[in-house]
Structure formats: structure tokens, C-alpha cells
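What follows is the residue order along each chain.
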Amino acid sequence: MKITHTQTELIAMVRANLTRLRVEAGLTQTELAKRAKLSVGWINDIEHGRRTGLSVASIAPICAGLGIHPAMLFLPPGKAAK
């Protein structure tokens, strides 16, 4: 079975998972930004869908700041490990 997702669907998954995982970790956007060495505006823009040009270079520090494997950002709703 082949599973495909549009860019819009993937970004929506990343947005939802990033927000959920950040909140579950008990972090504010500011705290995550400091950990990831990114601006709080960058984190906010991702969570609110204003930043769609995500790359490995931007996702890697976010995942490190959350202490998660990057694949966790791409899990469909209902499949996310807790």
C-alpha cells in the first residue's frame, strides 16, 4: 500500500505535532527557541502555519530541543507516540 501526503498535509502534521510535543514537554515557545537556538518568531511561525519552507537544518535543532526523533514530527494524527 502506497501512502502519499501533499506538502500541505505534511506541514499540517508538523505544526500539530510540534505544538503538541512542545506543550507535553512543558515548554513555552520561548524556551524551545532558546534550546533550539532559533528565534521565538520562527517557532511561532511554524506552529501557526506561516512558515512552510522547513528543512532538515531547521527541523533538527527543534527536535534536539524537544529531545525527540525527527520522525515524530511526521506521524499522522492518532499515530503519534506519547
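Procedures and definitions
- In every chain, residue numbers begin from 1 and rise along the written sequence.
- Two thresholds apply to this predicted model, a pLDDT of at least 70 for residue-level local features and 80 or more for giving and counting side-chain atom pairs, whereas whole-chain, interface and lining totals are computed over all residues.
- Just so you know, side-chain values use all the structure's heavy atoms and leave hydrogens and water out.
- To define axes, lines are fitted to C-alpha atoms, for helices over the stretch in contact only, and angles between the resulting N-to-C directions are given on a 0 to 180 degree scale.
- Under the DSSP-based scheme used, a helix requires at least four consecutive residues in state H or I and a strand at least two consecutive residues in state E, with every element numbered from the N terminus.
- Left-handed describes a crossing whose near helix is turned anticlockwise from the far helix by less than a right angle; the clockwise case is right-handed.
- When checking whether two residues touch, look at their non-hydrogen atoms; a contact exists if any pair is within 4.5 Å.
- Burial classes: relative accessible area under 20% of the type maximum marks a residue as buried, over 50% as exposed, and values in between as partly exposed (1.4 Å probe, protein chains only).
- Looking at any residue, its pLDDT shows the predictor's confidence there, from 0 to 100.

1. Observations concerning the packing of helix α2 (residues 29-36) against helix α3 (residues 40-47)
No. 1: Between α2 and α3, the least distance of the axes is 8 Å, while the angle of their chain directions is 115°. For the pair α2 and α3, the sense of crossing is right-handed. On α3, the residues that touch Gln29, Thr30, Leu32 and Ala33 of α2 are Val40, Ile43, Asn44 and Glu47.

2. Some thoughts on α3
No. 1: For α3, the set of buried residues is Trp42, Ile43, Asp45, Ile46 and Glu47.
No. 2: Gly49, located one to two residues past α3, shows a positive phi value of around 75°.

3. With respect to the confidence of the model for the chain
No. 1: Here the chain averages 89 in pLDDT, and 90% of its residues register 70 or above.
No. 2: For the chain, per-element mean pLDDT is lowest for helix α1 (residues 7-24), which scores 92, and highest for α2, which scores 98.

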